[in-house]
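Structural overview
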Amino acid sequence: MAKYETRLRGNFDDLLNRLNHGILKGSISATYEDGSDYSNNGVRCAVRVYERHSLAKGSRVSMSVTLVGFGDELFVTIITAGGSSAMFFKINTIGEHTFLNNAVKIIENYMYGGR
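Residues numbered from 1 in each chain as written. Predicted model: local features only at pLDDT ≥ 70, side-chain atom pairs only at ≥ 80, totals over all residues. Heavy atoms only, no water.

The next point concerns the overall build of the chain. For the chain, the count of helices and strands is two helices and five strands. Going residue by residue from the N terminus, the α and β elements of the chain occur as β-α-β-β-β-β-α. Pairs at least 24 apart in sequence give 56% of the contacts found in the chain among residues at least 6 apart. Surface summary for the chain: the accessible area is close to 6700 Å², and the carbon and sulfur share equals 53%. (Helix = DSSP H or I, 4+ residues; strand = E, 2+ residues; numbered from the N terminus. Contact = heavy atoms within 4.5 Å. Areas by Shrake-Rupley, 256 points an atom, 1.4 Å probe, with all protein chains shown as cover.)

Printed below as a string of structure tokens:
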């Protein structure tokens, strides 16, 4: 499992769209699996789940992206799982980190002037 979390300021819809587009374009095998949206009293939450094929072990890696926003205050958490071939403990998590790093680059580009 690999995990990334950050707080930032920006436009909820814009960041969500950039993440979705960038994740799907970042890997030829990336797919959007499902998602959920919720809002209440100005707080918004979007959950997205993606999968891609990991070349490292020939398995699938999943990634969940959760974006929470209130006005221009945003919080993102991204968690990857899968891709390991071991039965009782995890080895070779390269596929998880590769998938995660693609999403992190999208967020950092957004945070540091790529709007």
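On to the packing of aromatic side chains, then. In this structure the tally under the stated criterion is one aromatic pair. With 5.8 Å between their ring centres and 65° between their planes, Tyr32 and Tyr50 make a pair best called edge-to-face. Separated by 18 residues along the polypeptide, Tyr32 in strand 2 (residues 31-40) and Tyr50 in strand 3 (residues 43-54) bring together distant segments of the chain. Exposure remark for Tyr32: the relative accessible area of 38% places this residue in the partly exposed category. Exposure remark for Tyr50: the relative accessible area of 1% places this residue in the buried category. (Phe/Tyr/Trp six-rings, centres within 6.5 Å; stacked < 30°, edge-to-face > 60°. Buried < 20%, exposed > 50% of the residue type's maximum accessible area, 1.4 Å probe, protein only.)

Let us look at the pairing of strand 4 (residues 59-70). By the bridge criterion, ten bridges tie strand 4 to strand 5 (residues 73-82) in an arrangement that is antiparallel. Directly across from Gly69, in strand 5, lies its bridge partner Leu74. Hairpin remark: strand 4 followed by strand 5, antiparallel, with two residues in the connecting loop; positive phi at Gly71, about 65°. (Pairing = 2+ DSSP bridges.)

Time to look at the environment of Val76. Tracing the backbone through its elements, the reader meets Val76 in strand 5. Here Val76 falls in the buried class, since its relative accessible area comes to 0%. Taking the C-alpha atoms as reference points, Val76 and Glu5, 71 residues apart in sequence, are found 5.5 Å from one another. Not counting chain neighbours up to four residues away, the residues in contact with Val76 comprise Tyr4, Glu5, Thr6, Leu8, Leu15, Thr66, Leu67 and Ile107.

What follows is about the nonpolar core. By size, the foremost hydrophobic cluster in this structure holds 24 residues, and its most contacted members are Leu15, Leu19, Ile23 and Ile78. For this core, the elements supplying multiple residues, two or more each, are strand 1 (2-9), helix 1 (12-25), strand 3, strand 4, strand 5 and helix 2 (94-111). Tallying contributions element by element places helix 2 first for this core, with seven residues. For Leu19, the residues in contact, after removing those within four places along its chain, are Val65, Ala103, Ile106 and Ile107. (Core = buried A, V, L, I, M, F, W, Y, C linked by side-chain atoms within 4.5 Å.)

Looking now at the pattern of salt bridges. This structure, assessed with the given rule, holds six salt bridges. For the salt bridge of Glu5 with Lys3, the shortest nitrogen-to-oxygen distance reads 3.9 Å. Close ionic contact of Arg48 with Asp37 constitutes a salt bridge, the shortest N to O distance being 3.0 Å. One end of the pair, Arg48, is in strand 3; the other, Asp37, is in strand 2, with eleven residues separating them in the sequence. (Salt bridge = Lys/Arg side-chain N within 4 Å of Asp/Glu carboxyl O.)

A word on the confidence of the model for the chain. Interpretation of the predicted coordinates at a detailed level should be avoided for regions scoring low in pLDDT. Of all residues in the chain, 83% attain a pLDDT of 70 or more, and the chain-wide mean is 88. The weakest mean pLDDT in the chain belongs to helix 2 at 89; the strongest belongs to strand 2 at 98. (pLDDT = per-residue confidence, 0-100.)

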